[in-house]
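# Chains, contacts and geometry: an overview
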Amino acid sequence: MKGQPAHKRILLKLSGEALMGDDSFGINRTTIVRMVQEVAEVVHMGVQVAIVIGGGNIFRGVAGGAVGMDRATADYMGMLATVMNALALADAMNKQGLTARVMSAINIEQVVEPYIRPKALQYLEEGKVVIFAAGTGNPFFTTDTAAALRGAEIGAELVLKATKVDGVYTADPQKDPSAERYAKITFDEAMSRNLGIMDATAFALCRDQKLPIKVFSIFKHGALKRVVEGEDEGTLVYA
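The text that follows walks through the structure, step by step, so that each part is easy to find. As the structure is a prediction and not an experimental result, all values here were calculated from the model. (Residues numbered from 1 in each chain as written. Predicted model: local features only at pLDDT ≥ 70, side-chain atom pairs only at ≥ 80, totals over all residues. Heavy atoms only, no water.)

## Regarding the packing of helix 1 (residues 29–43) against helix 3 (residues 71–95)
As a reminder, the rule being used: Axis lines are fitted to C-alpha atoms, over the contacting stretch for helices. Their N-to-C directions set the angle, which ranges from 0 to 180 degrees. Helix and strand definitions here come from DSSP, where helices need a minimum of 4 consecutive H or I residues and strands a minimum of 2 consecutive E residues; each element is numbered from the N-terminal end. Reported orientations rely on four angle classes, namely roughly parallel under 35 degrees, roughly antiparallel over 145, roughly perpendicular from 65 to 115, and oblique for the rest. What makes a crossing left-handed is the near helix being turned counterclockwise from the far one by less than a right angle; a clockwise turn instead makes it right-handed. Only heavy atoms enter the contact rule, under which two residues are in contact if any of them lie within 4.5 Å. Note on residue classes: Ala, Val, Leu, Ile, Met, Phe, Trp, Tyr, Cys and Pro are nonpolar, Asp, Glu, Lys and Arg are charged, and everything else, Gly too, is polar.
Here helix 1 crosses helix 3 at 60°, and the two axes come no closer than 9 Å. The orientation of helix 1 relative to helix 3 falls into the category oblique. Crossing handedness for the pair helix 1 and helix 3: right-handed. Together, Arg 29, Ile 32, Val 36 and Val 39 of helix 1 and Ala 88, Leu 89, Asp 91, Ala 92, Met 93 and Lys 95 of helix 3 make up the contact between the two elements. Tallied by class, residues from the contact of helix 1 with helix 3 come to seven nonpolar, no polar and three charged.

## A word on the nonpolar core
To keep it simple, the criterion reads: Residues belong to one nonpolar core when they are buried, are Ala, Val, Leu, Ile, Met, Phe, Trp, Tyr or Cys, and are joined through side-chain atoms within 4.5 Å. Each residue is assigned to one of three classes by its accessible area relative to the maximum for its type, calculated with a 1.4 Å probe on protein chains only: buried under 20%, partly exposed between the two thresholds, exposed over 50%.
One finds Leu 14, Val 49, Ile 51, Leu 89, Met 93, Ile 131 and Phe 216 to be the most contacted residues of the largest nonpolar core, which totals 43 residues. Sorting elements by how many residues they give to this core places helix 3 first, with eight residues. Excluding residues that lie within four positions of it along the chain, Ile 51 makes contacts with Leu 11, Leu 12, Leu 14, Leu 89, Met 93, Val 129, Val 130, Ile 131 and Phe 132. One finds Tyr 115, Leu 124, Val 130 and Ile 185 within the second-largest nonpolar core, a separate group that totals 31 residues.

## Side note on helix 5 (residues 143–153)
Three or more residues of helix 5 are buried, namely Asp 144, Thr 145, Ala 146, Ala 147, Ala 148, Arg 150 and Gly 151. Positioned one or two residues after helix 5, Gly 155 has a phi angle of 70°, which is positive.

As structure tokens, this is what we get:
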């Protein structure tokens, strides 16, 4: 029913690049404020929102220096970049009248609180937005995997992967005008067609936990609200 949320608790996966807007790196203030407004809309509908944020917008600026670096060291640098993004996102949310809490998978307690599952669940029940930073806390895992893991841990009904395109297509819609959007597709079909929706570890975790994924465009005004209302927006990947 329009205007009513179809989901009570969601996990939103935002890439660090989404925060750049049209800039080449860093955080674009206009972009982050607009994203927070979209999140605020669904929070005010009574939906419990948790967010996993990437760090590409910051790490890209130092990636050149990471060439030849130990992989684990580079991954820890990426985790710290996600903490910076999480702080910026929480600050923007608090300024919009939301209450946001940042929980980090690596301990930096002077800056953010550590991730403790029961506390995260308590915050969500209280209507606070919980932002999970520092990925899984382990090198060699992506923030996609962190999104799948945290989504399963908090009992999210849906993992929302926010991208630049409004769903998963049969081909690249920018190169092929005849490309069609999948309204829904099963995990097995997505794997057999090699659609690359998430990295393999994250995808397998969602499939095993029967945790559906919705791919949609965070840049399309009102798309997040339409997804939460259960409308035909983006692409649903289901078991």
